[in-house]
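If you want the building blocks of each chain, they are given just below.
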Amino acid sequence: MFDTTNDPATNGLTGRTILTGDRPTGQLHLGHLAGTLLARRALQEENRQTILVADLQALTDNAGNPAKVSGNLLEVVLDYLAVGIDPEKTVIARQSRMPELMEMTLLFLNLVTVSRLQRNPTIKTEVEARGFGESIPAGFLCYPVSQAADITAFGADLVPAGDDQAPLIELSNEIAARVNRLAGSEVLRRAELLRSRAPRLPGIDGHGKMSKSACNAILLSDSSDEIRRKVMAMYTDPDHLKVSDPGKVEGNVVFAMLDAFDPDQEEVENLKDRYRAGGLGDMALKRRLEPILQELIAPIRTQRAFLSRDMGEVAAILDRGTERAREDVAPRLAGVRRAFGL
Ligand code: ATP
Ligand code: MG
């Protein structure tokens, strides 16, 4: 499996309180692996880590199709276990089974304005991608507030996530500061984003980030045939017609993948120079990338298939984690309630 022992992003981090999560809107993909899963796997050794399966957040843009969310809940947990998240070291919890988070969300909603939420760059991008127009579900507009409850309830000071999360963490910190001002003491902590080496892996079509909702992802469960097909279909430089033509590296998905996953980064830089100069074909690049991705995903896929034979145990892991998580957040909720005079 891909080596993370020398990742400068996670090296030397100990004793931190970490909260991350994923929406169970589909199986996890290479964007998750590069953007956050590898960091989580490394960080679980020396830090206190919780991963929240954010099924309530997933419903905010899937209320018309709740089966999509319930059907992917355990699939996402399976993905965690398959990449080496160890439930003895990392608490895996289910958002919708934690009423503490909902109560905190409701209180936090009094501390933000609708226009502040509408101006949030992540929300703007996502509203556009989902084609909501003027009809944004109120739950969707407010999900950053619910996420602020998630982060602060666990007392997290570190969130290893993709770049899309930066504006949401900023909002969470604003809310925490307001609660602390109300309370007159430090009830909630500030959190910072931990950026990985690939904080925004693009989708294979070259439009935006790789995302479950956009059908542009290579999944951690994809077969070797699917991986091959997706690598061959990957967006490169549409103006690079002949091998001898100079090619563009920026926006080229194959290079973004090589940047994220090729163990020989020096050679990747050489290839970029040759591509820019002309004389290096897309096919040669894709032939380099394919075995790297095949090798990366094969052990995850095998482990996933093995673990999926006992879905009862996967569900039990989530139940046990949720119980531990509820105990963890209770004192912070009590502090927030006191801040509001409740
Ligand atoms: P959806 O399309 O339903 O929003 P998603 O693919 O964006 O799904 P999320 O569950 O929203 O996945 O994101 C979970 C975590 O993975 C977040 O920390 C996010 O920053 C990170 N992440 C998601 N996509 C990428 C990506 N393409 N590159 C890097 N990190 C990513
Ligand atoms: Mg997302």
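Located above this text is the structure these notes cover.
What counts as what
- Residues numbered from 1 in each chain as written.
- Chains lettered and ligands numbered in written order.
- Predicted model: local features only at pLDDT ≥ 70, side-chain atom pairs only at ≥ 80, totals over all residues.
- Heavy atoms only, no water.
- Helix = DSSP H or I, 4+ residues; strand = E, 2+ residues; numbered from the N terminus.
- Rg over C-alpha atoms; globule rule 2.2 N^0.38 Å.
- Buried < 20%, exposed > 50% of the residue type's maximum accessible area, 1.4 Å probe, protein only.
- Contact = heavy atoms within 4.5 Å.
- Areas by Shrake-Rupley, 256 points an atom, 1.4 Å probe, with all protein chains shown as cover.
- Lys, Arg positive; Asp, Glu negative; His and termini not counted.
- Charge placed at Lys NZ, Arg CZ, Asp CG, Glu CD.
- Near = heavy atom within 4 Å.
- Polar contact = N/O pair within 3.5 Å; in protein donor to acceptor, adjacent residues only side chain to side chain.
- Nonpolar A, V, L, I, M, F, W, Y, C, P; charged D, E, K, R; others polar.
- Pairing = 2+ DSSP bridges.
- Core = buried A, V, L, I, M, F, W, Y, C linked by side-chain atoms within 4.5 Å.
- Salt bridge = Lys/Arg side-chain N within 4 Å of Asp/Glu carboxyl O.
- Axes fitted to C-alpha atoms, helices over the stretch in contact; angles between N-to-C directions.
- Parallel < 35°, antiparallel > 145°, perpendicular 65-115°, else oblique.
- Left-handed = near helix turned anticlockwise from the far one by under 90°.
- Expected span 1.5 Å × (residues − 1).
- Phe/Tyr/Trp six-rings, centres within 6.5 Å; stacked < 30°, edge-to-face > 60°.

Draft legend 1. Representation of the overall build of the chain within the structure. Secondary structure summary: the chain contains 14 helices and five strands in total. Relative to the compact-globule value of 20 Å for 342 residues, the chain shows a C-alpha radius of gyration of 21 Å, a close match. Reported as C-alpha extents along the three principal axes, the dimensions of the chain are approximately 70 × 45 × 40 Å. By the burial criterion, 53% of the 342 residues in the chain qualify as buried. For the chain, long-range pairs separated by at least 24 residues make up 78% of all intrachain contacts whose partners lie at least 6 apart in sequence. Looking at the chain as shown, the accessible area adds up to about 15,400 Å², and 51% of this sits on carbon and sulfur atoms. Side-chain charges in the chain split into 42 positive and 48 negative, and the spacing between the mean points of these groups amounts to 3 Å.

Draft legend 2. Molecular detail of helix H8 (residues 143-153). In terms of residue burial, H8 counts as a mostly covered element, since eleven of its eleven residues are buried. Residues of H8 that are buried: Tyr 143, Pro 144, Val 145, Ser 146, Gln 147, Ala 148, Ala 149, Asp 150, Ile 151, Thr 152 and Ala 153.

Draft legend 3. Expanded view of the site of ligand 1. Ligand 1 sits among 23 residues. The nearest are Thr 25, Asp 164, Lys 209, Ser 211 and Ser 213. A distance of 2.6 Å is found between an oxygen atom of ligand 1 and a side-chain nitrogen or oxygen belonging to Asp 164. In the environment of ligand 1, an oxygen atom lies 2.8 Å from a nitrogen or oxygen atom belonging to the side chain of Lys 212. Compared with its free state, where it exposes 600 Å², ligand 1 has 96% of that area covered by protein. Going through the elements one at a time, strand S1 (17-22) and helix H1 (30-43) are the ones with two or more residues in the shell around ligand 1. No other element matches H1, which puts four residues into the shell around ligand 1. Partitioned by chemical class, the residues of the shell around ligand 1 number five nonpolar, eleven polar and seven charged.

Draft legend 4. Inspection of the pairing of strand S3 (residues 90-94) at higher detail. A large share of S3 lies buried, amounting to five of its five residues. A two-sided burial pattern is seen for S3, the buried positions comprising Thr 90, Ile 92 and Arg 94 on one face and Val 91 and Ala 93 on the other. As paired strands, strand S2 (residues 48-53) and S3 are joined by five bridges and run parallel to one another. Across the sheet, Ile 51 pairs through a bridge with Ile 92, a residue of S3.

Draft legend 5. The arrangement of the nonpolar core in detail. Ranked by internal contacts, the top residues of the largest apolar core, which has 50 residues, are Leu 30, Leu 33, Met 234, Phe 261 and Leu 293. When residues of this core are traced back to their parent elements, those giving at least two are H1, S2, helix H3 (66-83), helix H10 (224-232), helix H11 (253-261), helix H12 (265-277), helix H13 (282-307) and helix H14 (311-339). Sequence-distant contacts of Leu 293, defined by excluding residues within four places in its chain, comprise Leu 30, Ile 218, Ile 227, Val 231, Met 234 and Phe 261. Val 112, Leu 117, Phe 140 and Leu 171 belong to the second largest nonpolar core, which has 42 residues in total.

Draft legend 6. How the structure looks around unusual backbone geometry. A positive phi is found at Cys 215, a non-glycine position, where the angle reads about 55°. You can see Cys 215 is positioned in the loop between strand S5 (192-194) and H10.

Draft legend 7. Region of interest: the pattern of salt bridges. Applying the stated criterion to the full structure yields 26 salt bridges. For the salt bridge of Arg 228 with Glu 290, the shortest nitrogen-to-oxygen distance reads 3.2 Å. Of this pair, Arg 228 sits in helix H10 while Glu 290 sits in helix H13, and the two are 62 residues apart along the sequence. What makes Glu 290 buried here is its relative accessible area of 14%.

Draft legend 8. Broad picture of the packing of helix H4 (residues 99-108) against H8. Taken N-terminus to C-terminus, the directions of H4 and H8 make an angle of 120°; their axes are 8 Å apart at the nearest point. Classified by the angle between their axes, H4 and H8 sit oblique to one another. The crossing of H4 and H8 is right-handed. Of H8, the residues touching H4 (which contributes Leu 101, Met 104, Thr 105 and Phe 108) are Val 145, Ser 146, Ala 148, Ala 149, Asp 150, Thr 152 and Ala 153. Among the residues making up the contact of H4 with H8, the classes are represented as seven nonpolar, three polar and one charged.

Draft legend 9. The arrangement of helix H9 (residues 166-183) in detail. Helix length check: H9 (18 residues) gives 26 Å between terminal C-alpha atoms against 26 Å at 1.5 Å per residue, within 8%. Those residues of H9 that sit buried are Pro 167, Leu 168, Ile 169, Leu 171, Ser 172, Asn 173, Ile 175, Ala 176, Val 179 and Asn 180.

Draft legend 10. Main features of the packing of aromatic side chains. Counted under the stated rule, the structure contains three aromatic pairs. Arranged with centres 5.3 Å apart and planes meeting at 65°, the rings of Phe 140 and Tyr 143 form a pair that is edge-to-face. Exposure class is identical for Phe 140 and Tyr 143. Each is buried. Within the aromatic cluster, the residues linked to one another by ring pairs are Phe 132, Phe 140 and Tyr 143.

From the geometry alone we can't say anything about function, so treat these as descriptive.
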